[in-house]
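Chain by chain, the residues:
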Amino acid sequence: MQAKAPETKPFGKEAFTSLEGTVVRWLGNAGALINSRGTTIMIDPVLSGFDMPLLIQIPITEEDVPGVDAVLITHCDNDHYSRATCGKLAEKTKEFHAPHYVAGLLKEELNINGTGHNIREKFQVGDVAVTLTPADHAWQNAFPKQHTREFQMEDCCGFWLDTPDGSIWAVGDSRLMEEQLHMPRPDAILFDISDSEWHIGLEGVKKMAAAYPDTPLILWHWGSVDAPEWKEFNGDPQVVKELVVNPERVVVLAPGERYCLKKLVK
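Residues numbered from 1 in each chain as written. Predicted model: local features only at pLDDT ≥ 70, side-chain atom pairs only at ≥ 80, totals over all residues. Heavy atoms only, no water.

## Regarding the sheet that holds strand β13 (residues 250-251)
The 7 strands are arranged β7-β8-β9-β10-β11-β12-β13 in an open sheet whose pairing can be described as mixed. Each end of this open sheet is capped by a strand with a single partner; those strands are β7 (122-125) and β13. Bridge count for strand β10 (residues 166-170) against strand β11 (residues 188-192) is 3 bridges, and the pairing is parallel. Along β11, the bridge assignment pairs I168 with A188. Along the sheet, helix α3 (residues 201-211) makes contact with β10, β11 and β12 (217-220), crossing β11 at roughly 175°. (Pairing = 2+ DSSP bridges. Helix = DSSP H or I, 4+ residues; strand = E, 2+ residues; numbered from the N terminus. Contact = heavy atoms within 4.5 Å. Axes fitted to C-alpha atoms, helices over the stretch in contact; angles between N-to-C directions.)

## Brief notes about the state of the cysteines
In the structure shown here, the tally under the stated rule is 0 disulfides. Not part of a disulfide, C76 finds its nearest cysteine sulfur in C156, a span of 6.5 Å. For C76, a relative accessible area of 15% translates into the label buried. Relative accessible area serves as the criterion here: at 6%, C156 is assigned to the buried category. (Disulfide = S-S within 2.5 Å. Buried < 20%, exposed > 50% of the residue type's maximum accessible area, 1.4 Å probe, protein only.)

## Considering the packing of aromatic side chains
Tallying each qualifying case throughout the model produces 7 aromatic pairs. Judged by centre distance (6.0 Å) and plane angle (85°), the rings of W169 and Y212 are edge-to-face. Within this pair, whereas W169 is found in strand β10, its partner Y212 is found in the loop between α3 and β12, the two being separated by 43 residues in sequence. Judged by its relative accessible area of 3%, Y212 is buried. Put simply, the rings of W160, W169 and Y212 pair up and form one aromatic cluster. The aromatic ring of Y101 is capped on one face by R149, whose charged end is 3.9 Å from the ring centroid. If you follow R149 out to its NZ or CZ, it ends over the ring of F151, 4.7 Å from the centre. (Phe/Tyr/Trp six-rings, centres within 6.5 Å; stacked < 30°, edge-to-face > 60°. Lys NZ or Arg CZ within 6 Å of the ring centre and 35° of its normal.)

## Focus: the pairing of strand β9 (residues 157-163)
β9 sits mainly inside the fold: 6 of its 7 residues count as buried. Alignment of strand β8 (residues 128-134) against β9, held across 6 bridges, turns out to be antiparallel. Residue pairing across strands places L132 opposite F159, the latter belonging to β9. In the sheet, β9 pairs with β10 via 5 bridges, with the strands oriented antiparallel. By the bridge assignment, W160 is partnered in β10 with W169. Hairpin remark: β9 followed by β10, antiparallel, with 2 residues in the connecting loop.

## Things to note about the pattern of salt bridges
Counted under the stated rule, the structure contains 9 salt bridges. Among the salt bridges present, the one from R83 reaches E109, with a minimum N-O distance of 2.9 Å. Pair noted here: R83 is in helix α1 (residues 83-89) and E109 is in helix α2 (residues 100-110), with a separation of 26 residues, a long-range link. Judged by its relative accessible area of 31%, R83 is partly exposed. The partner of E179 in a salt bridge is R120, with the nearest N and O atoms 2.8 Å apart. Separated by 59 residues along the polypeptide, E179 in the loop between β10 and β11 and R120 in the loop between β6 (115-117) and β7 bring together distant segments of the chain. (Salt bridge = Lys/Arg side-chain N within 4 Å of Asp/Glu carboxyl O.)

In structure tokens:
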């Protein structure tokens, strides 16, 4: 049986208004909307155009997005880089940010002038400081059909966001890397729980959770895509809770549900 996300909680323009604090909303699969005191950032939004059946209702359409300060794309897989969504949001988005390869695709495919970055490079979106973190997800090189070029480690990334209310780490799709176990303690992790060999894997889930034993783990890359035979989409929150230290910090959101960021006590 495939674990399925809780029932979607749709939202609209109210999620993009100025507010006190920082709110994270899961968009389904591996996407998020972050509103930090009125600065709005979408990470890997796939609001339409996905080429596999879904288990969930997406909580917002592109038409209902009033505007967004920045869209951040971690890598070029179509469950993260939605051409349809980026195209529809282009006129409503002030900035697009991604690794250099993905920024090139935005220009070539959609005529969007995104900003390309190196891994560990920092940039600012309003009051939010963003840093690209490393990821290991060049899976295409292992499959002749997808090996259309030599994919590089730097074609994929995670994003670390320092907000006025704490830090959020979207690790991105990645096999576990040693460097990922030695970051500063984040105040929340957008936590991939896929057991695929090109993702963190269950042993990686256990190790990363142990490296940050007090950090809330907002689960993603699970419960959204109707693909019971694909490990990439078949994370199970119950399995995660049995693996990690302090399982009460595992956060299982419904798509569209609010999570209010809080700084951890040092």
